[in-house]
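So the chains spell out like this:
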Amino acid sequence: MEQQVMESEMILPTHLSFKKIQMHDKYPKGQARGRHWKHLKQIIQAENYQNYPPHQPNYVNIESPPSMHPRKQICDITGFEAPYSDPRTHLRYANTEVFKLIRSLPNEYVQRYLALRNAAVVLK
């Protein structure tokens, strides 16, 4: 039976549908591989912004109305979103580890963090 299998000639397709195409087959040498990003200058040149109304925000007129969503509160120490605020120091924090750190800070450092946020408060 092995001889029969050896003698039979199997014809396989050159590309199997379930097999991923290799990168060198997909992109021959010298051909672009992906998305081309445009610079702001290229976008401005491609679009005809003179035809837009002046009150509509676009890349040339960056002034836009204020956001309707509330500002996100950011942790003063880590920079993550801060759902909590320390009532004693008024610093915002993201988790319990940062809270422990805030409580161990001297008043000078707390004042510096508050000054960075433009919320300087005299603590007693």
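Predicted model, so just to flag it, every value in this text is computed and none were measured.

Chemist: Would you explain the pattern of salt bridges in this entry?
Modeler: Pairing between side chains becomes possible if they bear opposite charge and their charged atoms approach one another. Throughout the structure, instances matching the rule amount to two salt bridges. For the salt bridge of arginine 117 with aspartate 76, the shortest nitrogen-to-oxygen distance reads 3.2 Å. One end of the pair, arginine 117, is in the segment after α5 (107–116); the other, aspartate 76, is in the loop between α3 (40–46) and β1 (84–85), and 41 residues separate them in sequence. For aspartate 86, the salt bridge identified is with arginine 103, shortest N-O distance 2.7 Å. Here arginine 103 lies in helix α4 (residues 96–104) and aspartate 86 lies in the loop between β1 and β2 (92–93), a separation of 17 residues in the sequence. For aspartate 86, a relative accessible area of 0% gives the class buried.

Definitions and cut-offs
Residues numbered from 1 in each chain as written. Predicted model: local features only at pLDDT ≥ 70, side-chain atom pairs only at ≥ 80, totals over all residues. Heavy atoms only, no water. Salt bridge = Lys/Arg side-chain N within 4 Å of Asp/Glu carboxyl O. Helix = DSSP H or I, 4+ residues; strand = E, 2+ residues; numbered from the N terminus. Buried < 20%, exposed > 50% of the residue type's maximum accessible area, 1.4 Å probe, protein only.

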